[in-house]
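# Observations on the model geometry
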Amino acid sequence: MTKKKLKVLATSMMFALLWAGEARSQQIWTLQQCVEFAVNNSYSVHNAELDVRETAAKTKETRAALLPQADASAALTDNLAIPVVMLPGEIIGQPGEIIPAELGVPWEANVSVQLSQVIFNPALFTGIKVARNAEELSRLKSQMTKEQLIYDVASVYYDILDSEQQLKSISGNLCLQDSLYAKTELRVKEDLTREIDLNRIKVNIADLKVKQEHLSVVMEQQKRYLQLLAGMPANEDFSPDSAILTEIDFPKQGWSEESVLSEITELAVLKQQKELNILELKTTQMKYMPTLSLVAAGAYQFQSEKLRLSDKNAWFKSSYIGLRLSIPIFDGTSKHHAAKQIKLQGMKLDNDIAHTEKSALMERKNARSGLIVSYKSAKLQDDNLRLAEKVYAQSQRLYQEGLYTVTDLLQTENSLREAQISRISEIIRLKKAELNLMKAERRLEELKIKNN
């Protein structure tokens, strides 16, 4: 064996060992683990949960308006110039005269407390229902955010798996090409084959290395995107679990059309928005109604020539209790036009609900038909790969016996590589078709337990 041949084989073995070492250093993450990590750590899910808590606090704020309201105030005034009023002279025995008189004292102070309690306010009562519906709407939007996150994470996960498997296929083919190159080089030296055959193998090796580098960059970009989606640390290195590619099973299909419509989160969001729209319209119309409140107040007032707050004779108390009725009469038709806007928004929501229902049923039908096609294609590619492997093994034997040219062998090797990549791609398409069906049937939550 020549030194050059030994060098080529040593390089191939070293590359294979490095690939294996890198695979061992990476942690294997199943799809379930990625989904669970994303649901627990994603920034978008955290923000959606904060929105739920925010609307819950808003509901409590609105409900608090039904409780008694209390206000206290205090003031101290130094009248530098006491106001003057004109009094008729008859008061002091000077008829026909107008006498100027200072009204007040230099120092005044007062302390008061006022209590109020809503007795009747239809707009406020309806507003509490609006707040509760807004809280439920926020919860549904949080669920919708989680479902979209699960779909995105699973989709990127399959893309990474596709890229990784293609890289492994190329690496394996590179090892075969390196071995073939060493053997062909020896045959060239022994004048058993032409040098052009050796150059063809070299070109093929260069082409594979270019594809390998390109795929490596693509896979790293896909991993970084998944890390961003799931809220993973940037330095977290992982590898997808390739066990899901070993067998091709027809995925289970889920629910009936009625069940699908009942489980659509987007549809539930729209229906909740419709209920909210009805309550907002009712709230606006209730603003035409009068409001009634109970009010009570008590106060102490200080008046004196000198600032002596301890002088009990300078303090005077007052208090009252009563009802406050407010009756809206005319607002320039502002409430009328506000109600009209809300009605138009409700009509748009009706259209959105009808469109979403039809879109959901269409999406489910398309996903089911796509799943059937992908399953058949994956089975065909699986059979095709077995045949390509058999042909390649036969081609190698014929080449070693001198009955096959390098060109024929390279074509067979290309066919094998294409069959390997096609099988992987079809299985990934099958997985994505299943993912699309689960999304259409609103079963994405199953991915959290699917791979147990």
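In the block above lies the structure referred to throughout.
Summary of the structure given here. Everything numeric here is computed off the predicted structure, so don't read it as measured data.

### What about the pairing of strand S4 (residues 98-102)?
Across the five residues of S4, zero count as buried, placing the element largely on the outside. Bridge count between strand S3 (residues 84-88) and S4: five bridges; the pairing is antiparallel. Each bridged residue has a counterpart across the sheet, and for Pro88 the counterpart in S4 is Ile98.

### Comments concerning a nonpolar patch on the surface
Side chains of Ile119, Phe120, Phe125, Met289, Leu294, Ile321 and Leu323 sit close together on the surface and give an oily, nonpolar patch of about 650 Å² of accessible area. Only strand S5 (107-120) and strand S8 (315-326) provide two or more residues apiece to the nonpolar patch. Note that Leu323 resides in strand S8.

### What to know about the packing of aromatic side chains
Tallied over the full model, the rule gives four aromatic pairs. With 5.5 Å between their ring centres and 75 degrees between their planes, Trp29 and Phe37 make a pair best called edge-to-face. Take Trp29: its relative accessible area is 8%, and that puts it in the buried class. With a centroid separation of 5.3 Å and an interplanar angle of 50 degrees, the aromatic rings of Phe302 and Trp315 are classed as tilted. Here Phe302 is found in strand S7 (residues 291-304), whereas its partner Trp315 is found in strand S8, with 13 residues between them in sequence. Members of the aromatic cluster, connected to one another through ring pairs, are Trp29, Phe37 and Phe238. Over the ring of Phe238 we find Lys223, and its NZ or CZ is 5.5 Å from the ring centre. Its end group placed over the ring of Tyr151, Lys439 keeps NZ or CZ at 4.3 Å from the ring centre.

### What to know about the side chain of Thr62
If you trace the backbone, Thr62 turns up in helix H3 (residues 43-63). With residues up to four places along the chain from it excluded, the contact list for Thr62 reads Leu124, Gly127, Ile128 and Ala131.

### Thoughts on a positive patch on the surface
On the surface, a cluster of positive charge is made up of Lys60, Arg63, Lys129, Arg132 and Lys282. You can see Arg63 is positioned in helix H3. Given a relative accessible area of 34%, Arg63 falls into the partly exposed group.

### A few points about the sheet that holds S7
The strand order across the open sheet built from four strands is S2-S5-S7-S8, with neighbouring strands paired in antiparallel fashion. Two strands in the sheet have a free side with no partner beyond their single neighbour: strand S2 (69-78) and S8. Averaged over neighbouring strand pairs, the angle between their axes works out to 15 degrees when direction is ignored. Both S2 and S5 contribute to a ladder of 10 bridges, which runs antiparallel. The residue bridging Leu76 from the neighbouring strand is Ala109, located in S5.

### Thoughts on the nonpolar core
Among the nonpolar cores identified, the biggest contains 59 residues, and Val153 and Leu447 are the most heavily contacted of them. At the level of secondary structure, the elements contributing two or more residues to this core comprise helix H2 (31-41), helix H4 (122-189), helix H5 (195-230), helix H8 (334-400) and helix H9 (406-440). If one sorts the elements of this core by residue count, H4 sits on top with 16 residues. Excluding residues that lie within four positions of it along the chain, Val153 makes contacts with Cys34, Val35, Ala38, Leu226 and Leu229.

### Re H2
If you check which residues of H2 are buried, you get Leu31, Gln32, Cys34, Val35, Ala38 and Val39. Taken end-on, H2 shows its buried residues confined to a sector of 165 degrees, consistent with a single buried face. In this structure, the buried residues of H2 make contact with strand S1 (27-29), H3, H4 and H5.

Rules and cut-offs
- Residues numbered from 1 in each chain as written.
- Predicted model: local features only at pLDDT ≥ 70, side-chain atom pairs only at ≥ 80, totals over all residues.
- Heavy atoms only, no water.
- Buried < 20%, exposed > 50% of the residue type's maximum accessible area, 1.4 Å probe, protein only.
- Helix = DSSP H or I, 4+ residues; strand = E, 2+ residues; numbered from the N terminus.
- Pairing = 2+ DSSP bridges.
- Patch = residues over 30% accessible without salt bridge, like charges linked within 9 Å, V, L, I, M, F, W, Y side chains within 5 Å.
- Areas by Shrake-Rupley, 256 points an atom, 1.4 Å probe, with all protein chains shown as cover.
- Salt bridge = Lys/Arg side-chain N within 4 Å of Asp/Glu carboxyl O.
- Phe/Tyr/Trp six-rings, centres within 6.5 Å; stacked < 30°, edge-to-face > 60°.
- Lys NZ or Arg CZ within 6 Å of the ring centre and 35° of its normal.
- Contact = heavy atoms within 4.5 Å.
- Lys, Arg positive; Asp, Glu negative; His and termini not counted.
- Charge placed at Lys NZ, Arg CZ, Asp CG, Glu CD.
- Axes fitted to C-alpha atoms, helices over the stretch in contact; angles between N-to-C directions.
- Core = buried A, V, L, I, M, F, W, Y, C linked by side-chain atoms within 4.5 Å.
- Arc of directions from axis to C-beta.

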